[in-house]
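Next come the chains, spelled out residue by residue.
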Amino acid sequence: KNQVEQSPQSLIILEGKNCTLQCNYTVSPFSNLRWYKQDTGRGPVSLTIMTFSENTKSNGRYTATLDADTKQSSLHITASQLSDSASYICVVWNAGGTSYGKLTFGQGTILTVHP
Amino acid sequence: DGGITQSPKYLFRKEGQNVTLSCEQNLNHDAMYWYRQDPGQGLRLIYYSQIVNDFQKGDIAEGYSVSREKKESFPLTVTSAQKNPTAFYLCASSDSGASNYGYTFGSGTRLTVV
């Protein structure tokens, strides 16, 4: 069964600190892995997309890593800001099945940044 | 600006009523999707459409219906057969079936049964 598991479920940090969110997946065949940020009551917004051959990708203070051998990804946030408070969702695209493939979503990590 | 517009942002439904959620995109995307989001769970696919006048059931289609009469529009009807409709509903679109193309979400509709 294709699954995406994220940890921790929730995280509280102080403004200015760094943090790392984890994502483990069992999706096969793998096509790409995406990290999304979802503010409360809003739709998810894409942060990074990584294919099998990419180990790391950055978007400002967000850096995602991918280890396709161990099927693990992480999202590192540097110098956190209050606006980083959101749910972060790991999503894996399954290249099998229909021509449109299928996205498998993690349950998200809720990050709260306190002043 | 190109994007996906969902309306309304909040919707209240009485028991036994059908309600329709709107989703419009001006990105010229071929494919459109409806997801349901519940607290502590990943998004689950309700229906998707690859081209006009064609759509496919997702993982949790029971109690829902859709139509795709125009490329820009993909409305979702939550019928009275859906026993637990209270949730956050997200519409999305993508340019093509190639997995590396952009996948854009709307801002969501929160449906509550009263």
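Worth saying up front: this structure is predicted, and the values here are computed from it rather than measured. (Residues numbered from 1 in each chain as written. Chains lettered and ligands numbered in written order. Predicted model: local features only at pLDDT ≥ 70, side-chain atom pairs only at ≥ 80, totals over all residues. Heavy atoms only, no water.)

> How should the overall build of chain A be read in this particular structure?
Counting its regular elements, chain A contains zero helices and eleven strands. Ordered by position from N to C terminus, the α and β elements of chain A give β-β-β-β-β-β-β-β-β-β-β. Relative to the compact-globule value of 13 Å for 115 residues, chain A shows a C-alpha radius of gyration of 14 Å, a close match. Projected onto its principal axes, the C-alpha positions of chain A cover 45 × 30 × 20 Å. Split into buried and exposed, the 115 residues of chain A put 44% on the buried side. A separation threshold of at least 6 residues defines the contact pool for chain A, and within that pool the share at least 24 residues apart is 57%. Split by element, the accessible area of chain A, about 5,400 Å² in all, is 50% carbon and sulfur. Computed over 9 positive and 7 negative side-chain charges, the inter-centroid distance for chain A is 6 Å. (Helix = DSSP H or I, 4+ residues; strand = E, 2+ residues; numbered from the N terminus. Rg over C-alpha atoms; globule rule 2.2 N^0.38 Å. Buried < 20%, exposed > 50% of the residue type's maximum accessible area, 1.4 Å probe, protein only. Contact = heavy atoms within 4.5 Å. Areas by Shrake-Rupley, 256 points an atom, 1.4 Å probe, with all protein chains shown as cover. Lys, Arg positive; Asp, Glu negative; His and termini not counted. Charge placed at Lys NZ, Arg CZ, Asp CG, Glu CD.)

> Honestly, the state of the cysteines in this entry has me stumped. Any pointers?
Chemically, a disulfide is nothing more than a covalent bond linking the sulfur atoms of two cysteines. Residue and element names in this part refer to chain B. Inspection of the entire model under this criterion finds two disulfides over all chains. Note on cysteine connectivity: Cys23 is disulfide-linked to Cys91, with sulfurs 1.9 Å apart. Disulfide Cys23-Cys91: the torsion about the S-S bond is -75°, which places it as left-handed. Taken as a pair, Cys23 in strand E3 (residues 19-25) and Cys91 in strand E9 (residues 87-94) lie far apart in primary sequence, 68 residues in all. Across the pair, Cys91 and Cys23 agree in class, each one buried. (Disulfide = S-S within 2.5 Å.)

> Got a minute to help me understand the interface of chain B and chain A in this structure?
Bring the parts together and some accessible area is lost; that lost area is often taken as the interface size. Listed per partner, the contact involves 24 residues of chain B and 20 residues of chain A. On inspection of chain B and its partner chain A, the count reaches zero salt bridges. Summed over the shared surface of chain B and chain A, the number is two residue pairs in polar contact (both at pLDDT 80 or more). Broken down by secondary-structure element, the contributors of at least two residues to the side of chain B that touches chain A are strand E4 (31-37), E9 and strand E10 (103-105) of chain B. For the side of chain B that touches chain A, the element with the highest residue contribution is E4(B), accounting for four residues. Counted by class, the side of chain B that touches chain A contains ten nonpolar, eleven polar and three charged residues. (Salt bridge = Lys/Arg side-chain N within 4 Å of Asp/Glu carboxyl O. Polar contact = N/O pair within 3.5 Å; in protein donor to acceptor, adjacent residues only side chain to side chain. Nonpolar A, V, L, I, M, F, W, Y, C, P; charged D, E, K, R; others polar.)

> Sorry, what's going on with the environment of Ile77(A) here?
Residue and element names in this part refer to chain A. Within the element layout of this structure, Ile77 appears in strand E8 (residues 72-77). Along the backbone, Ile77 and Gly60 are 17 residues apart, and their C-alpha atoms lie at a distance of 9.2 Å. Discounting chain neighbours no more than four positions away, the residues touching Ile77 are Lys17, Asn18, Cys19, Arg61, Tyr62, Asp84, Tyr88 and Leu111.

> Would you take a moment to explain the pattern of salt bridges for this structure?
For side chains bearing opposite charge, pairing can occur when the charged atoms are close. One pass over the structure, following the stated rule, counts five salt bridges over all chains. The shortest N-O distance in the salt bridge between Lys57(A) and Glu54(A) comes to 3.0 Å. Among the residues examined, Lys57(A) registers a relative accessible area of 28% and is labelled partly exposed. Taken together, the shared-partner salt bridges in this structure form one network comprising Arg36(B), Asp38(B) and Arg44(B).

> I tried to follow the nonpolar core on my own but got confused; where do I start?
What tends to happen in soluble globular proteins is that the nonpolar side chains get buried as a cluster. Of all hydrophobic cores here, the largest spans 23 residues; its most connected members are Tyr25(A), Leu33(A), Trp35(A), Leu75(A) and Tyr88(A). Among the elements of the structure, strand E3 (19-25), strand E4 (30-38), strand E5 (45-51), strand E7 (62-67), E8, strand E9 (86-94) and strand E11 (109-114) of chain A are those that each provide at least two residues to this core. When near neighbours in sequence (up to four residues on either side) are disregarded, Tyr88(A) contacts Gln6(A), Leu21(A), Trp35(A), Tyr36(A), Lys37(A), Leu47(A), Tyr62(A), Leu75(A), Ile77(A), Gly108(A), Thr109(A) and Leu111(A). By size, the runner-up hydrophobic cluster in this structure holds 20 residues, among which are Leu11(B), Tyr64(B), Leu76(B) and Tyr89(B). (Core = buried A, V, L, I, M, F, W, Y, C linked by side-chain atoms within 4.5 Å.)

> Please clarify how the packing of aromatic side chains should be interpreted in this entry.
For any two aromatic rings, the description comes down to two numbers: the centre-to-centre distance and the angle of the planes. In total, this model carries 13 aromatic pairs over all chains according to the counting rule given. Geometrically, the ring pair formed by Tyr36(A) and Phe105(B) is edge-to-face, given 5.5 Å between the ring centres and 90° between the ring planes. One end of the pair, Tyr36(A), is in strand E4; the other, Phe105(B), is in strand E10, on a second chain. Taken together through their ring pairs, the aromatic side chains of Tyr36(A), Trp93(A), Phe105(A), Tyr33(B), Tyr35(B), Tyr48(B), Tyr103(B) and Phe105(B) make up a single cluster. (Phe/Tyr/Trp six-rings, centres within 6.5 Å; stacked < 30°, edge-to-face > 60°.)

> Would you take a moment to explain the pairing of E3(A) for this structure?
Two faces make up the sheet, and in a regular strand the side chains alternate between them. Residue and element names in this part refer to chain A. Every second residue of E3 is oriented toward a common face, the buried set being Cys19, Leu21, Cys23 and Tyr25 and the non-buried set Thr20, Gln22 and Asn24. When strand E1 (residues 4-7) meets E3, the two strands line up antiparallel, connected through four bridges. Residue pairing for E3: Gln6 is matched across the bridge by Cys23. Where E3 meets E8, six bridges bridge the pair, whose relative direction is antiparallel. Each bridged residue has a counterpart across the sheet, and for Gln22 the counterpart in E8 is Ser74. (Pairing = 2+ DSSP bridges.)

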